[in-house]
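What follows is each chain in one-letter form.
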Amino acid sequence: MNRVIGERSLDETPFDEETARELFAGMVRARAFDERALALQRRGWMSGYPPFEGGEATQVAAAHAMREDDWLFPTYRSNALQLARGVPMADILLFRRGHQEYTSGHDVPNFPQAVPIATQIPHAAGAAMAMARDDGDRAAVAYFGDGATSEGDFHEGLNFAGVFDAPCLFLCENNGWAISLPRGRQTGADSIAVKAEAYGFEGVQVDGMDPLAVLETMTDALASVRAGDPVLVEALTYRLGPHTTSDDPSRYEERAEFPEWRTTDPLDRYEQYLVEQRVVDGATRSELEAEADEELDAAVERAERQPEPSLDEVFDHVYESATPRLERQRAWLRDHADRHDLDGVER
């Protein structure tokens, strides 16, 4: 397993101080977003939210390893990755308030978040196969949790990628729990990474709480992917918060099952490392948090100015052209809203 913190000084890595600081800034920004989003949900500003605290190192580093023209196929717990890929904070907040994704019209190639488990994995494999036919060197990155590896979509996506040498990187953030089910109840294999052998390509494990190790691993893996060799990366993280805001992890969680490096806050751990390496000082984090708070204030204000989505938005992007059945459903919902006088619903 690849690891930097605790084993190498910064000058023993391929990365310079500027890169190390950029990762830290991205993690601080992501944490600030996660904390604000959680607070907003708790006061009813949005209906639900999946916190990603503990996954910042993996997600921010993965985004830094990708090129701007690579395609990301995210799941619902990917907000840190999407923020680091250039998705505006307001877009993510608006999505959680019922609006369509990417309302700002940003042009970074990010696929819509997949809320159903693992459905983005065959999408990524198929897109990567299409990329290979274009004779370019773009890559597709499918991001998912350990629970997704129990779905058929996981096996189908990896099998297609292996058979057709698709330029696809499969990034599994193994945070230890699929809701309340531990990894040991997901698979009898020694790891998730080892599953790649069944599909004819490489699987690697990385300390997902270590952004420098993740960046190094992802950079090497993407180089292989661009050469036509898919890779499965298993990042070992720990979900510090609940599965979602409707979850109570105290009913099932046993931290003693994991080593200290895996349950320690990755932001605190990385900050301590950078201070020891004399890359940042004790005031750096507070300064970055203040910048993130200003950005968040503006994002919340923009989201609150956005008019409520219309009922039609539920149907507008299901198909290129609406089917007769979809039109019947649209008419029923409009009639239902009129009869029940649903306040605040535009129709």
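Each value, and the rule that gives it
Residues numbered from 1 in each chain as written. Predicted model: local features only at pLDDT ≥ 70, side-chain atom pairs only at ≥ 80, totals over all residues. Heavy atoms only, no water. Pairing = 2+ DSSP bridges. Helix = DSSP H or I, 4+ residues; strand = E, 2+ residues; numbered from the N terminus. Axes fitted to C-alpha atoms, helices over the stretch in contact; angles between N-to-C directions. Contact = heavy atoms within 4.5 Å. Salt bridge = Lys/Arg side-chain N within 4 Å of Asp/Glu carboxyl O. Buried < 20%, exposed > 50% of the residue type's maximum accessible area, 1.4 Å probe, protein only. Core = buried A, V, L, I, M, F, W, Y, C linked by side-chain atoms within 4.5 Å. Polar contact = N/O pair within 3.5 Å; in protein donor to acceptor, adjacent residues only side chain to side chain. Patch = residues over 30% accessible without salt bridge, like charges linked within 9 Å, V, L, I, M, F, W, Y side chains within 5 Å. Areas by Shrake-Rupley, 256 points an atom, 1.4 Å probe, with all protein chains shown as cover. Phe/Tyr/Trp six-rings, centres within 6.5 Å; stacked < 30°, edge-to-face > 60°. Lys NZ or Arg CZ within 6 Å of the ring centre and 35° of its normal. Right-handed = clockwise from strand over helix to strand, strands pointing away. Expected span 1.5 Å × (residues − 1). Arc of directions from axis to C-beta.

**Focus: the sheet that holds strand β6 (residues 202-207)**
Strand order in the open sheet formed by 5 strands is β1-β2-β3-β7-β6, with parallel pairing between adjacent strands. Lying at the two open borders of the sheet, with one neighbouring strand each, are β1 (71-73) and β6. Between one strand axis and the next, the sheet turns by 20° as a mean value, whatever way the strands run. In terms of strand pairing, β1 meets strand β2 (residues 140-145) through 3 bridges, oriented parallel. Paired with F73 across the two strands is A142, which belongs to β2. Its contacts with the sheet put helix α6 (residues 152-164) on β2, β3 (168-174) and β7 (231-236), and the angle it makes with β3 is roughly 150°.

**Remarks on the pattern of salt bridges**
Per the counting criterion, the structure on display carries 25 salt bridges. D69 is the partner of R67 in a salt bridge, and the nearest nitrogen-oxygen pair spans 3.0 Å. Assessed through its relative accessible area of 29%, R67 is described here as partly exposed. Classification of D69 as partly exposed rests on a relative accessible area of 33%. Here E271 ties to R285 by a salt bridge, and the two come within 3.0 Å at their closest N and O atoms.

**Considering the nonpolar core**
By size, the foremost hydrophobic cluster in this structure holds 65 residues, and its most contacted members are F33, L93, L169, L171 and Y270. A per-element tally of this core places helix α1 (residues 17-42) first, with 10 residues. Other than its neighbours up to four places away in sequence, L93 contacts F33, A37, L40, W45, M46, A299, V300 and A303. Residues A124, A140, F154 and C168 belong to the second largest nonpolar core, which totals 22 residues.

**What to know about helix α9 (residues 266-276)**
Among the residues of α9, those classed as buried are P266, L267, R269, Y270, E271, Y273 and L274. Against α1, α2 (56-65), β6, α7 (211-226), α8 (260-263) and α10 (284-305) lie the buried residues of α9. Two or three places before L267, at the start of α9, stands the capping residue D265, its side-chain oxygen 2.8 Å from that residue's backbone nitrogen.

**Concerning a nonpolar patch on the surface**
On the surface, a nonpolar cluster with roughly 310 Å² of combined accessible area is contributed by F160, V163 and F164. As for its position among the elements, V163 is in helix α6.

**Some thoughts on the packing of aromatic side chains**
Evaluation of the coordinates by the stated rule reveals 10 aromatic pairs. A connected cluster of aromatic rings, assembled from ring pairs, spans F24, Y270 and Y273. One cation-aromatic arrangement involves R3 over W261; the distance from NZ or CZ to the ring centre is 4.4 Å. Stacked on the ring of W45, the Lys or Arg R97 has its end atom at 4.1 Å from the ring centre.

**Considering the pairing of β7**
Where burial is concerned, most of β7 is hidden: 6 out of the 6 residues are buried. Burial along β7 is two-sided: V231, V233 and A235 and L232, E234 and L236, pointing in opposite directions, are all buried. As defined by bridge partners, β3 adjoins β7 across 6 bridges and the pair is classed as parallel. Paired with C172 across the two strands is E234, which belongs to β7. Sheet topology note: the β6/β7 ladder contains 6 bridges and is parallel. When the sheet's bridge partners are listed, D207 is paired in β7 with L236. A crossover links β6 with its parallel partner β7, the connecting element being α7, and its sense is right-handed.

**Regarding helix α12 (residues 324-340)**
An ideal rise of 1.5 Å per residue puts 24 Å on 17 residues; α12 measures up with 24 Å between its terminal C-alpha atoms. If you check which residues of α12 are buried, you get L326, R330, L333 and A337. Along the long axis of α12, the arc covered by the buried residues comes to 65°, so they all point the same way. Opposite the packed face of α12, turned more than 90 degrees from it, sit the exposed residues P324, R325, R328, W332 and R339. Its buried side turned inward, α12 meets α11 (313-316). Positioned one or two residues after α12, D341 has a phi angle of 45°, which is positive.

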